[in-house]
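Read off the chains here:
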Number of protein chains: 2
Amino acid sequence: MTKVYNFSAGPAVLPAPVIEQVQAELPSYHGSGMSILEMSHRSSLYEDLAAAAEEDLRQLMAIPDDYDVLFLQGGGTLQFTMAPLNLARHYHRLGLVDSGHWADRAKEEADLLPGIQADVVASSKGDHYTSLPKDYHLNGNYDYIHLTLNNTIEGTMYRQLPQLPGQVLVGDMSSNILAQRYDVKDFGMIYAGAQKNIGPAGLTVVIVKHDLLDEQQNLPAMLDYVKQAKKHSALNTPPVFAIYVAGLVFKWVKEQGGVDALQKRNEDKAGLLYDYLDNSKLFRATAKPADRSITNVPFVTGDENLDQVFVQDATAAGLLNVKGHRSVGGMRASLYNAMPKAGVEALVKFMKQFEMEH
Amino acid sequence: MTKVYNFSAGPAVLPAPVIEQVQAELPSYHGSGMSILEMSHRSSLYEDLAAAAEEDLRQLMAIPDDYDVLFLQGGGTLQFTMAPLNLARHYHRLGLVDSGHWADRAKEEADLLPGIQADVVASSKGDHYTSLPKDYHLNGNYDYIHLTLNNTIEGTMYRQLPQLPGQVLVGDMSSNILAQRYDVKDFGMIYAGAQKNIGPAGLTVVIVKHDLLDEQQNLPAMLDYVKQAKKHSALNTPPVFAIYVAGLVFKWVKEQGGVDALQKRNEDKAGLLYDYLDNSKLFRATAKPADRSITNVPFVTGDENLDQVFVQDATAAGLLNVKGHRSVGGMRASLYNAMPKAGVEALVKFMKQFEMEH
């Protein structure tokens, strides 16, 4: 087997020691004689691992006690529906910061809910989403303002949050949770699909300030944060295996020194690639320097045919999944927590070689 | 490691060869150098495995081409919401057959949807759910009638469907899909959580007759069968790993001879246990003979303290998860497809010994 590096935007590379541990204990979890794949969600073995996963995530992100931590299903896309249903209950109105494709999807889904108004309060569409929106037009009362903290496709990311005094922030942290430090207290709610920095696909983490919820709301159970919180995310059968792997990843993150250490490492890795891109005569990064993501780096040659050749040649060289999102084309290297520096070095080396040859 | 048998109602025992294969190929799926846990849902490797899983399920259940097969998340509980949203669109009314706990949960969730009326059209509550409802009171027009084909907690199961001419049937097949033969053409829709006979928790299979759906309905994407079908269940990141394991289980079911062969085996296994229970002076099965499930066998001693001793002693003997559901107490042995006959034999042997001693 040739050594490969997986630059996929998600599902994405996981820490090698986590995959080794999953493999080693797959036939018998903690000497139970049962695989984790066969484990009842009402067993103490499961309850212990779910509680440990929550506790480790709380430590890693310094999540205050008055926030619920939920392990749900359905990805970020279901949160585009659940967040308005659960949180847009006073003014029935939310403000959306239009920073790219996934922010737009959040608006599309909110618009489908009867009685909910979703206003774009800031947009960088005019800038082709190569930067983050800067001008806010707030007009009246919003239950919350929705921010996409890292724009996986466009490669922009919030280092600092916009100053929006008095507003509740809801953050889609799908592609940089645990990769960039944020202060949970700045948010009313955070959500993230697991399949980038947390674990396999099929798990969605929701962190929500409990007092924003209405205990009486009585939504359909699977769409109701209150009901899910009351049952510790085991209202019905949770995705046991995905939560188990997430728990192993949380322990790995702790062993690496936590979020701050990984952020530093991510900045170094991204810096390597951006430095090369900014000095290359063939390639260029598409996002503006001030707003660049440290986890997703889109780049182009400016020639679509050459982009295609590059993707093919990189794949052949074991540098996998560097094709850009179908909506924007070009290339993208996703450098999540589990991507080793050696992977970025191999990519840059390959790009230099490619540049010499073209 | 002592040999154990896992009688959990779900997540439940999986075929040993499937777990062995998952373990063997975990570090590198099909020589890709990437774990299946890291596999992009836009890769051809994933698309191929998802297509094969669908095709194998279609073969196993003889699913006609005019039915969509969807691989979703959220379990049966989310289907209690999605089925009415998608299907109760003409009369805004469904009939629910109240055969036990999960049927009741289906009604509770339907009742939460504004504008939807959910009528109980038959009930065996008066019989403490030890049999299936027999008397139907249909009154007007229903978009569909909801049946729980196997009542996991109460241990009753439909061998034949009730005769309800002109009605669309929606079947919750969570605990006996692929374990008992049904004719898909008798249903407008079937759904099943994977975590009993299909694979790990975190996957829900939906089989729906396409012409029952309204192409224009425009529900929130994750709740919309039409949108999910158009995107082949990859509208957002699907639960890749759970679909992969489900695909391996489908291949295993085919190797065993398909649904009819497994049904026969399940009848034999359940027969062993029921025969003993019907002749025991200590234990008795709680479900009435005519409606007994072949996958879930609840039983009691009639003495709650002794039940507790039995559960403890059985656990110590490696016969795991025989405790009944918390809502009914007693014991329950779940005998899904992957439970070998040797497991049932070991359980009966242990029960005989226990009976002699108590």
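Residues numbered from 1 in each chain as written. Chains lettered and ligands numbered in written order. Predicted model: local features only at pLDDT ≥ 70, side-chain atom pairs only at ≥ 80, totals over all residues. Heavy atoms only, no water.

Participant: Sorry if this is basic, but what is going on with the interface of chain A and chain B here?
Facilitator: How big an interface is tends to be stated in terms of accessible area lost as the parts join. Contacts between chain A and chain B engage 57 residues on the former and 57 residues on the latter. Interface area, chain A with chain B, both sides summed: about 4400 Å², of which 66% is carbon and sulfur. Together, Gln23, Leu37 and Glu38 of chain A form the three largest contributors to the area buried by chain A at its contact with chain B, with a combined 14%. Between the two partners, chain A and chain B, sit zero salt bridges. Across the chain A-chain B interface, the total number found is 15 residue pairs in polar contact (both at pLDDT 80 or more). Of all elements in the fold, only α1 (16-25), α3 (75-87), α4 (101-111) and α6 (240-255) of chain A reach the threshold of two or more residues within the side of chain A that touches chain B. In the side of chain A that touches chain B, the residues fall into 30 nonpolar, 21 polar and six charged. (Contact = heavy atoms within 4.5 Å. Buried area = accessible area lost by both parts, 1.4 Å probe. Salt bridge = Lys/Arg side-chain N within 4 Å of Asp/Glu carboxyl O. Polar contact = N/O pair within 3.5 Å; in protein donor to acceptor, adjacent residues only side chain to side chain. Helix = DSSP H or I, 4+ residues; strand = E, 2+ residues; numbered from the N terminus. Nonpolar A, V, L, I, M, F, W, Y, C, P; charged D, E, K, R; others polar.)

Participant: Explain the sheet that holds strand β5 (residues 144-148) of chain B here, please?
Facilitator: Paired through their backbone hydrogen bonds, the strands of a sheet run either parallel or antiparallel. All names here are of chain B. If you trace the seven strands from one edge of the open sheet to the other, you get β2-β10-β9-β8-β5-β3-β4, paired in mixed fashion. Taken across any chain shown, the strands that pair with only one partner, and hence form the sheet edges, are β2 (67-72) and β4 (117-123). Neighbour-to-neighbour, the strand axes of this sheet turn through a mean angle of 20°, independent of strand direction. One ladder, built from three bridges, connects strand β8 (residues 169-172) with strand β9 (residues 189-193); its direction is parallel. Residue pairing across strands places Val170 opposite Met189, the latter belonging to β9. Running at roughly 155° to strand β3 (residues 93-98), helix α4 (residues 101-111) makes contact with β3, β4 and β5 of the sheet. (Pairing = 2+ DSSP bridges. Axes fitted to C-alpha atoms, helices over the stretch in contact; angles between N-to-C directions.)

Participant: When you look at the domain arrangement of chain A in this model, what are you seeing that I'm missing?
Facilitator: All names here are of chain A. Domain annotation for chain A reports domain 1 (17-255) and domain 2 (257-357). A separation of 26 Å is found between the C-alpha centroids of domain 1 and domain 2. Taken together, the contact pairs 27 residues of domain 1 with 27 residues of domain 2. Between domain 1 and domain 2 the total buried area reaches about 2200 Å² when both faces are included, carbon and sulfur atoms providing 49% of it. Where domain 1 meets domain 2, there are three salt bridges. The shortest N-O distance in the salt bridge between Lys288 and Asp127 comes to 2.6 Å. Connecting domain 1 to domain 2 are 21 residue pairs in polar contact (both at pLDDT 80 or more). Counting only elements with at least two residues in the side of domain 1 that touches domain 2, the list comes to β7 (156-157) and α6. When residues in the side of domain 1 that touches domain 2 are grouped by element, the largest group, four residues, is from α6. (Domains from an automatic or database assignment.)

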